[in-house]
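Each chain, written out:
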Amino acid sequence: MRIPMLAAVTATAALLFGTGATAAAATPGSDTTSVSAASAGQPFADQAAKAHLTKAQATSLQAKVDRYVKRTGGKQVALNEIDLGGDATLLVALPGEKHPRDFASGDSSRAAFDPCLQGQVHSGWFCAYSREGFNGDALRWYECGRRGMPWGDWGSWINDQTPGTRAIFYGADGSAYDATPAPYSSNSRYYWTPVWSIRNC
């Protein structure tokens, strides 16, 4: 049976994003000026402007994306999306929010589609999350391949691949550290720090 997370992911923008945005706007001394689409040196500034992000929010989000690009060698293709090749993406949540937003389609009021939470069972995807409960930044891929783990600490994962496919987690020395059960399987609280890379199939 699939986890009852669909309602949480498809909840209204107020539930998903209101807390983080309000907190950013209410912080004394914070820059609450909206981002201009013409902001110099700000990649995808038009997406930030259409989403009515403050300069502080856009800067903070871009800093997270830049760190991930450096760690993964991927390419930023949207305000919060990094292409890792081979049907693999890393979506970054705005600091203070539970789920990455859908900036790419222009509807930044909703969370980005998550194939592991919202797709059909055995959709073929493996998803890793930077926070517990399938929240935070999301690393997900479809094609078989090995990817570096860009974060540590407590997070979560979902193995929604084809029947019988198990993901293997590798440690710093390159040896297998752990493995998921066959799909459909998940772990809402998993300690990522010892995991340096994952092969999804």
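Before reading further, recall that the structure is shown in the block above.
Keep in mind that what you see is a predicted model, and the values were worked out from it rather than measured. (Residues numbered from 1 in each chain as written. Predicted model: local features only at pLDDT ≥ 70, side-chain atom pairs only at ≥ 80, totals over all residues. Heavy atoms only, no water.)

A. Highlighting the state of the cysteines. On inspection of all chains with the given rule, the structure shows two disulfides. Two residues share a disulfide in this structure: Cys116 and Cys127, whose sulfurs sit 2.1 Å from each other. Since a negative S-S torsion denotes a left-handed disulfide, the Cys116-Cys127 link at about 85° is right-handed. One end of the pair, Cys116, is in helix H5 (residues 115-118); the other, Cys127, is in strand E4 (residues 125-131), with 11 residues separating them in the sequence. A single burial state applies to Cys116 and to Cys127, both of which are buried. Linked covalently through their sulfurs, Cys144 and Cys201 form a disulfide whose S-S length is 2.1 Å. Taken as a pair, Cys144 in the loop between strand E5 (135-141) and strand E6 (146-148) and Cys201 in the segment after strand E11 (197-199) lie far apart in primary sequence, 57 residues in all. Since its relative accessible area comes to 44%, Cys144 is described here as partly exposed. (Disulfide = S-S within 2.5 Å. Helix = DSSP H or I, 4+ residues; strand = E, 2+ residues; numbered from the N terminus. Buried < 20%, exposed > 50% of the residue type's maximum accessible area, 1.4 Å probe, protein only.)

B. Quick peek at unusual backbone geometry. With an omega of -10°, the peptide bond between Pro183 and Tyr184 qualifies as cis. Along the chain, the position of Tyr184 falls in the loop between strand E9 (176-179) and strand E10 (185-191). Even without glycine at this site, His122 takes up a positive phi of about 60°. Note on His122: relative accessible area 32%, which makes it partly exposed. With a phi angle near 70°, Asp153 is a residue other than glycine that sits in the positive phi range. Looking at where Asp153 falls in the secondary structure, it is placed in the loop between E6 and strand E7 (154-160).

C. Up close: the nonpolar core. In this structure, Leu90, Phe126, Trp151, Phe169, Trp192 and Ile198 are the most contacted members of the largest nonpolar core, which totals 28 residues. Counting residues per element, the ones that place at least two in this core are helix H4 (55-72), strand E3 (88-91), E4 and E5. The greatest single-element share of this core, amounting to four residues, is contributed by H4. Beyond its immediate chain neighbours, meaning those up to four positions away, Phe169 contacts Phe126, Trp157, Ser175, Ala176, Tyr177, Asp178, Thr180, Tyr190, Trp192, Val195, Ser197 and Ile198. The next biggest cluster of nonpolar side chains, apart from the first, holds eight residues, and it includes Cys116, Cys127, Ala138 and Tyr184. (Core = buried A, V, L, I, M, F, W, Y, C linked by side-chain atoms within 4.5 Å. Contact = heavy atoms within 4.5 Å.)

D. View of the packing of aromatic side chains. Under the definition given, this model contains 11 aromatic pairs. By way of ring pairs, the aromatic residues Phe126, Trp141, Trp157, Phe169, Tyr190 and Trp192 are connected into one cluster. One Lys or Arg, Arg146, reaches over the ring of Tyr170 and ends 3.6 Å from the middle of that ring. Across from the ring centre of Trp154, 3.9 Å away, lies the NZ or CZ of Arg189, which sits over that ring. (Phe/Tyr/Trp six-rings, centres within 6.5 Å; stacked < 30°, edge-to-face > 60°. Lys NZ or Arg CZ within 6 Å of the ring centre and 35° of its normal.)

E. Local environment of the sheet that holds E5. A sheet is described by the order of its strands in space; here seven strands give the open sequence E1-E2-E3-E5-E4-E7-E10, paired in antiparallel fashion. Looking at the sheet topology across the chains shown, the edges are occupied by strand E1 (75-78) and E10. Geometrically, the sheet is characterised by an average inter-axis angle of 20° between neighbouring strands, direction not taken into account. Note that strand E2 (residues 81-83) and E3 share three bridges and pair antiparallel. By the bridge assignment for E3, Ile82 is matched with Leu90. (Pairing = 2+ DSSP bridges. Axes fitted to C-alpha atoms, helices over the stretch in contact; angles between N-to-C directions.)

F. Structural view of the side chain of Arg140. Considering the arrangement of structural elements, one finds Arg140 in strand E5. Here Arg140 occupies a buried position and makes no salt bridge, while the nearest side chain of opposite charge, Asp114, is found at 4.2 Å. Within the structure, the side chain of Arg140 is placed 2.9 Å from the backbone oxygen of Phe113, a separation counted as a polar contact. Apart from the residues within four sequence positions on either side, Arg140 is in contact with Asp87, Ala88, Thr89, Leu91, Phe113, Asp114, Pro115, Trp125, Phe126 and Cys127. (Lys, Arg positive; Asp, Glu negative; His and termini not counted. Salt bridge = Lys/Arg side-chain N within 4 Å of Asp/Glu carboxyl O. Polar contact = N/O pair within 3.5 Å; in protein donor to acceptor, adjacent residues only side chain to side chain.)

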